[in-house]
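Structural description and commentary
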Amino acid sequence: LTPKLGVTLRRKGGFTLIELLIVIAVIGVLSTLIVISVQRAIVMARDAQRIHDFKILAKAIEIYAIDHDDSYPYPLNNGRASTAPAWGNWETELGVALQDYIRQMPYPPKVLGVSWHYWYEGNNDPDHPKNITTGRCLVIYKGAYIWTRLELTNDLTENDGGPNDLAYEILIGEYIIIPGPCP
């Protein structure tokens, strides 16, 4: 079909349905990518907060040990403390022991529906070492072990020198790590 002379074909204003669908699809893909990257950044920020908390806590424990003739905080629950409600002695026992060395006891960042806790194990009796099985056997002679789980398992958990590849951990004092479970 050829237009008659003097008649011009003009398209009505606006976009075709296909053009609108393509634009909506592109906007949808871009917004999905942005939401995913923002969520990942939030998770990474919580993990960074946990690592920062542990570095501060480890320094406070080291200074406490120096000031107390190489003795480490020893909470009443067999040298254990945690932010877990079942133990409930993070602030009342470990926090009290470290009150002169740390301004405020760190707590894990809140995550909806998931419990992420901080854990502490201490021992001051090298003649009665404490055995902890977490994938491999950790034997604490005189020292402290703090650990938590990170939301993004990465090289920080697998190569931090601790016995548990699924946790971020800091070991202080005299200890050994034995492959396999504790005897």
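Scroll up for the structure.
Report follows, based on the coordinates. (Residues numbered from 1 in each chain as written. Predicted model: local features only at pLDDT ≥ 70, side-chain atom pairs only at ≥ 80, totals over all residues. Heavy atoms only, no water.)

On to the overall build of the chain, then. Tallying secondary structure elements over the chain gives 3 helices and 5 strands in all. Along its sequence from the N terminus, the chain presents helices and strands in the succession α-β-α-β-β-β-α-β. Look at the contacts in the chain between residues 6 or more apart in sequence, and 62% of them connect residues 24 or more apart. Of the roughly 11800 Å² that the chain leaves accessible, carbon and sulfur atoms contribute 61%. (Helix = DSSP H or I, 4+ residues; strand = E, 2+ residues; numbered from the N terminus. Contact = heavy atoms within 4.5 Å. Areas by Shrake-Rupley, 256 points an atom, 1.4 Å probe, with all protein chains shown as cover.)

What the rule picks out here adds up to 6 salt bridges. Note that Arg-50 and Asp-47 form a salt bridge whose closest N and O atoms lie 2.9 Å from each other. Here Arg-50 pairs with Asp-47, and both are found in helix α1 (residues 17-67), just 3 residues apart, close to one helical turn. For Arg-50, a relative accessible area of 0% puts it in the buried group. Notably, a salt bridge pairs Lys-130 with Glu-121, separated by 3.3 Å at the nearest N-O pair. Residue Glu-121 is classed as buried on the basis of its relative accessible area, which comes to 9%. Within the structure, one salt-bridge network assembled from shared partners comprises Arg-46, Asp-47, Arg-50 and Glu-151. (Salt bridge = Lys/Arg side-chain N within 4 Å of Asp/Glu carboxyl O. Buried < 20%, exposed > 50% of the residue type's maximum accessible area, 1.4 Å probe, protein only.)

This part covers the side chain of Asn-89. With respect to the secondary-structure elements, Asn-89 resides in the loop between β1 (80-82) and α2 (90-97). Excluding residues within four positions of it along the chain, Asn-89 makes contact with Pro-75, Asn-77, Arg-80, Ala-81, Ser-82 and Leu-94.

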